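Given next are the chains, with one letter for each unit.
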Amino acid sequence: MASNGNTNGGEFDYFRIQREVTDALQRAKDGKLQPRHIPMSSIRVPSTPLTQAATKLAEVELPPSIFSHCLRSYYFAAIIATDIFPDLGWDPETFYLAALLHDVKCTSRAFRESHLSFELHGGMAARTFLVDVAGAPPHLGDTVMESICRHKDVDAGSYGFSPEGQMLRFGAQLDALGYYAELIHPDSVAEVVKAYPRLGFNKVFADTLVEEAHVKRFCTSVSLLAPNSVLTLIRRNPVMKEFDNWE
């Protein structure tokens, strides 16, 4: 469950999530961690007024390839958490909201609405929608917002992530870049992609981020224009090669 901010600092391990993720990645690197095939059917998708409203918003705002990416991000992360981090303490509703809305401002239309980087614009817009329109508790909106604003952070040693924030990095970065692939069984990846096809996501997403970089001089996507950036990984995600058919 996402924290409401009232946890006593003396009772809370601020570094637990970071430590567990770093340890799991090292164990996988050393061959001491073997992910299990977690059937997609075992992953619960919460159905609440908030999740239904978020799904409708995402379907309206996003092109099909990016909407499908958001759903894959949910399943990938939920599978990783279920198998590798059973004590993570995540809230399915909160995480579903973060996953479905994390790219809500990653569109050509939205790029003209704000000079903010799309993840910051999207985090703010998601919180406004959830709290002011859909009636979500403010602390839930805060968790969703921060998860979205920080989901592009690729430093495994970063601190201060909620369970849902860390999970969004698992799912979104696996689908976009191939990161965290060592924490999920290949059969689970294939099952999720079969259910929610990529629809040329690698090309659509890469081109969309390049567009943002040209529209907004100071957004974080400008880093993709630098030599040897992760743009190549987005276009040629090695984990998704068989599904994207890149050469």
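Structure first, text after, so check above.
Novice: Could you clarify how one ought to interpret the state of the cysteines in this entry?
Specialist: By definition, a disulfide links the sulfur atoms of two cysteine residues through a covalent bond. Applying the stated criterion to the full structure yields zero disulfides. Here cysteine 106 is not disulfide-linked; the sulfur of cysteine 70 is the nearest cysteine sulfur, at 9.0 Å. Overall, the relative accessible area of 1% leaves cysteine 106 in the buried class. Cysteine cysteine 149 is unpaired, with the sulfur of cysteine 106 as its nearest cysteine sulfur at 14 Å.

Novice: Before we go on, may I ask you to explain helix H7 (residues 138-149) in this structure?
Specialist: For the α-helix, the turn length of 3.6 residues means that residues three or four positions removed from each other point alike. The end-to-end C-alpha separation of H7 is 16 Å, in line with the 16 Å expected for 12 residues at 1.5 Å each. The elements touched by buried residues of H7 are helix H2 (49-61), helix H4 (92-101), helix H6 (118-133) and helix H8 (163-177).

Novice: Before we go on, may I ask you to explain unusual backbone geometry in this structure?
Specialist: In terms of backbone geometry, most residues other than glycine have negative phi values and most peptide bonds are trans. In the Ramachandran plot, leucine 199 falls in the positive-phi region, its phi being about 55° despite a non-glycine side chain. Among the secondary structure elements, leucine 199 is positioned in the loop between helix H9 (186-195) and helix H10 (201-215). Residue leucine 199 is classed as exposed on the basis of its relative accessible area, which comes to 53%. Not every positive phi belongs to a glycine, and asparagine 245 is a case in point at roughly 60°. Examined against the element boundaries, asparagine 245 turns out to sit in the segment after helix H12 (241-244). You can call asparagine 245 exposed: its relative accessible area is 59%.

Novice: Which parts of the structure should I look at to understand the packing of H4 against H7?
Specialist: Describing two packed helices takes the angle between their axes plus the distance from one axis to the other. Viewed as axis vectors pointing N to C, H4 and H7 meet at an angle of 40°, and their least axial separation amounts to 9 Å. By the angle between their axes, H4 is oblique relative to H7. With respect to the hand of their crossing, H4 and H7 are arranged in right-handed fashion. The residues of H7 that touch H4, namely those facing Glu93, Thr94, Leu97, Ala98 and Leu101, are Leu140, Thr143, Val144, Ser147 and Ile148.

Novice: Mind showing me how you'd approach the pattern of salt bridges here?
Specialist: It is possible for side chains of opposite charge to pair when their charged atoms get near one another. In the structure shown here, the tally under the stated rule is 16 salt bridges. A salt bridge links aspartate 23 to arginine 27; the nearest nitrogen and oxygen atoms lie 3.0 Å apart. In this pair, aspartate 23 and arginine 27 are both assigned in helix H1 (residues 16-29), four residues apart and thus about one turn of the helix distant. Look at aspartate 23 and you get partly exposed, because its relative accessible area is 42%. Relative accessible area serves as the criterion here: at 30%, arginine 27 is assigned to the partly exposed category. Here the salt bridges do not stand alone but share partners, grouping Arg72, Asp175, Arg198 and Asp244 into one network.

Novice: I'm lost on the packing of aromatic side chains in this one. Help?
Specialist: Each aromatic ring pair is described using two quantities: the centre-to-centre distance and the angle formed by the ring planes. Using the criterion set out here, one finds nine aromatic pairs in the structure. Plain terms: the ring middles of tyrosine 75 and tyrosine 196 are 5.7 Å apart, the flat faces sit at 25° to each other, and that makes the pair stacked. Here the residue tyrosine 75 occupies a position in helix H3 (residues 64-84), and tyrosine 196 occupies one in the loop between H9 and H10, the gap between them amounting to 121 residues. When the ring of phenylalanine 170 is compared with that of tyrosine 180, the centres are 4.9 Å apart and the planes differ by 80°; the resulting orientation is edge-to-face. Here phenylalanine 170, found in helix H8, pairs with tyrosine 180, found in the loop between H8 and H9; they are 10 residues apart in sequence, far enough to count as distant. What makes phenylalanine 170 buried here is its relative accessible area of 0%. Here the aromatic residues Tyr74, Tyr75, Trp90, Phe95, Tyr96 and Tyr196 are joined through ring pairs into a cluster of three or more.

Novice: How do you make sense of H2 when you look at a structure like this?
Specialist: Relative to the 18 Å expected for 13 residues at 1.5 Å per residue, H2 spans 18 Å between its end C-alpha atoms, a close match to the ideal helical length. Looking only at H2, the buried set comprises Leu50, Thr51, Ala54, Thr55 and Ala58. The buried residues of H2 occupy one face: seen down the axis, they fall within an arc of 130°. Residues of H2 that are exposed and point over 90 degrees away from its buried face: Pro49, Lys56 and Val60. Where H2 is buried, its residues contact H3, H4, H6 and H7.

What counts as what
Residues numbered from 1 in each chain as written. Predicted model: local features only at pLDDT ≥ 70, side-chain atom pairs only at ≥ 80, totals over all residues. Heavy atoms only, no water. Disulfide = S-S within 2.5 Å. Buried < 20%, exposed > 50% of the residue type's maximum accessible area, 1.4 Å probe, protein only. Helix = DSSP H or I, 4+ residues; strand = E, 2+ residues; numbered from the N terminus. Expected span 1.5 Å × (residues − 1). Contact = heavy atoms within 4.5 Å. Axes fitted to C-alpha atoms, helices over the stretch in contact; angles between N-to-C directions. Parallel < 35°, antiparallel > 145°, perpendicular 65-115°, else oblique. Left-handed = near helix turned anticlockwise from the far one by under 90°. Salt bridge = Lys/Arg side-chain N within 4 Å of Asp/Glu carboxyl O. Phe/Tyr/Trp six-rings, centres within 6.5 Å; stacked < 30°, edge-to-face > 60°. Arc of directions from axis to C-beta.

The quantities given are spatial measurements derived from coordinates; they are silent on function.
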